[in-house]
Amino acid sequence: MLRNGTASVRNDTDTVRGVAGYKWRMAKLFRAVIMGPPGSGKGTISERIAQRFALTRLSSGDFVRENIAANTDAGVLAKTYIERGLLVPDHVMTRLLLPRLEEMTRHSWLMDGFPRTLAQAKALNSTCDLDLVISLNIPYETLKERLSDRWIHPASGRVYNMGFNPPHVQGRDDISGEPLIQHDDDKPEALVARLRHYKDMAKPIIDLYKSKGILHTFSGTETDRIWPYINSLLSTKIPSTSQTDTQRIPMP
Ligand SMILES: Nc1nc2c(ncn2[C@@H]2O[C@H](COP(=O)(O)OP(=O)(O)OP(=O)(O)O)[C@@H](O)[C@H]2O)c(=O)[nH]1
Ligand SMILES: Nc1ncnc2c1ncn2[C@@H]1O[C@H](COP(=O)(O)OP(=O)(O)O)[C@@H](O)[C@H]1O
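Worth saying up front: this structure is predicted, and the values here are computed from it rather than measured.

1. Focus: the nonpolar core
Generally speaking, a soluble globular protein has its nonpolar side chains buried in company with each other. With 31 residues, the main nonpolar core has Met35, Trp109, Met111, Leu124, Leu130, Val133 and Tyr209 as its most contacted residues. For this core, the secondary structure elements donating two or more residues are strand 3 (31-35), helix 2 (60-69), helix 3 (73-82), helix 4 (90-102), strand 5 (109-112), helix 5 (118-125) and helix 7 (188-211). Considering each element in turn, this core owes the most residues, six residues, to helix 4. Once you skip the residues sitting within four places of it in the chain, valine 133 turns out to touch Val33, Met35, Tyr209, Ile214, Leu215 and His216. The next biggest cluster of nonpolar side chains, apart from the first, holds 23 residues, and it includes Ile134, Leu143, Phe218 and Ile226.

Structure, rendered in structure tokens:
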């Protein structure tokens, strides 16, 4: 159980006496979710947050792909939906993800891609207390432009944009040198339906997080202009000790 306030991990500074008589100060753990329509910059901003604040970045898409690669029961099931371009059903997603979150009791994390439905939000809520939800609000025209210019390295999930963050060599991944591809559903004709679907699914989740007082919405057309606001918000919320999660502090 991850819910803050149980076991030895709490959502505030906690102390535990170790074997050598030291007290270990458990730094405040921080759990956040980032939400936004396709192309809003969740992946780009998550990467920056993970680097700046040393949080573990969790991506539901990566979990799904890992499970497919490892041929787990949930992975085999998930694959049948992804192949048809569908979302993975809630009970499969929660079976896949919640055990992984339970392994993260000592880490601060930022989740991208989950929850995508109200049922998932409720399941997450019964497992842990979120500290903060970032919601990105980006105009449709901007999303359309970005996605038509998005190129992906499928093996690693690395994302490029031919204007904003182009690869060093055109059409090739910076690290592996392998070819980049474009997703069919990034094409403008598929985007309208994806955005409508996002809005319908996200509304009740956003309302839920708003009612909990943890929702922070950022609007704009450029990640570089939104980022300083997110950075300063997180700087006030994440204690510097969260970079190590636990610190040994000799205490009398
Ligand atoms: N021109 C421009 N492109 C950006 C900006 N921010 C991000 N991008 C690019 O826009 C595309 C979408 O960004 P992502 O970070 O993949 O967005 P996402 O919300 O994770 O998208 P999904 O994975 O589809 O949900 C990528 O190609 C980024 O490189 C920006 O401020 N300007
Ligand atoms: N929270 C979720 N609920 C249902 N399906 C999900 C969820 N997260 C990921 N998936 C499945 O995994 C696929 C890949 O996820 P992701 O990498 O986030 O890519 P995309 O941005 O294309 O949706 C999704 O298209 C979807 O089928």
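2. Some words on the UniProt feature "binding site: a ribonucleoside 5'-triphosphate" (unreviewed entry) in the protein
UniProt records the feature "binding site: a ribonucleoside 5'-triphosphate" (unreviewed entry) at Gly39, Ser40, Gly41, Lys42, Gly43, Thr44, Arg150, Val159, Tyr160 and Thr223, using the numbering of this structure. Residue placement: glycine 39 occurs in the loop between strand 3 and helix 1 (42-53). Note on glycine 39: relative accessible area 12%, which makes it buried. Sequence-distant contacts of glycine 39, defined by excluding residues within four places in its chain, comprise Leu143, Arg146 and Leu147. Note on placement: threonine 223 falls in helix 8 (residues 223-237). When near neighbours in sequence (up to four residues on either side) are disregarded, threonine 223 contacts Thr44, Ile45, Arg48, Arg146 and Phe164.

3. Looking at the site of ligand 1
The immediate surroundings of ligand 1 are formed by 18 residues, with Lys42, Gly43, Thr44, Arg150 and Thr223 found nearest. The side chain of threonine 44 places a nitrogen or oxygen atom 2.6 Å from an oxygen atom of ligand 1. One nitrogen or oxygen atom from the side chain of arginine 150 is found 2.8 Å from an oxygen atom belonging to ligand 1. Relative to its unbound accessible area of 650 Å², ligand 1 is 84% covered by the protein chains. Among the secondary structure elements, those contributing two or more residues to the shell around ligand 1 are helix 1 and strand 8 (158-161). The residue inventory of the shell around ligand 1, partitioned by class, reads five nonpolar, eight polar and five charged.

4. Comments concerning the side chain of arginine 31
Relative to the helices and strands, arginine 31 is located in strand 3. Among buried Asp, Glu, Lys and Arg side chains, arginine 31 stands out as unpaired, with aspartate 131 the closest opposite charge at 5.8 Å. A distance of 3.2 Å separates the side chain of arginine 31 from the backbone oxygen of threonine 105, its partner in a polar contact.

The rules we used
- Residues numbered from 1 in each chain as written.
- Chains lettered and ligands numbered in written order.
- Predicted model: local features only at pLDDT ≥ 70, side-chain atom pairs only at ≥ 80, totals over all residues.
- Heavy atoms only, no water.
- Core = buried A, V, L, I, M, F, W, Y, C linked by side-chain atoms within 4.5 Å.
- Buried < 20%, exposed > 50% of the residue type's maximum accessible area, 1.4 Å probe, protein only.
- Helix = DSSP H or I, 4+ residues; strand = E, 2+ residues; numbered from the N terminus.
- Contact = heavy atoms within 4.5 Å.
- UniProt positions renumbered as here; feature names shortened; annotations may be inferred.
- Near = heavy atom within 4 Å.
- Polar contact = N/O pair within 3.5 Å; in protein donor to acceptor, adjacent residues only side chain to side chain.
- Areas by Shrake-Rupley, 256 points an atom, 1.4 Å probe, with all protein chains shown as cover.
- Nonpolar A, V, L, I, M, F, W, Y, C, P; charged D, E, K, R; others polar.
- Lys, Arg positive; Asp, Glu negative; His and termini not counted.
- Salt bridge = Lys/Arg side-chain N within 4 Å of Asp/Glu carboxyl O.

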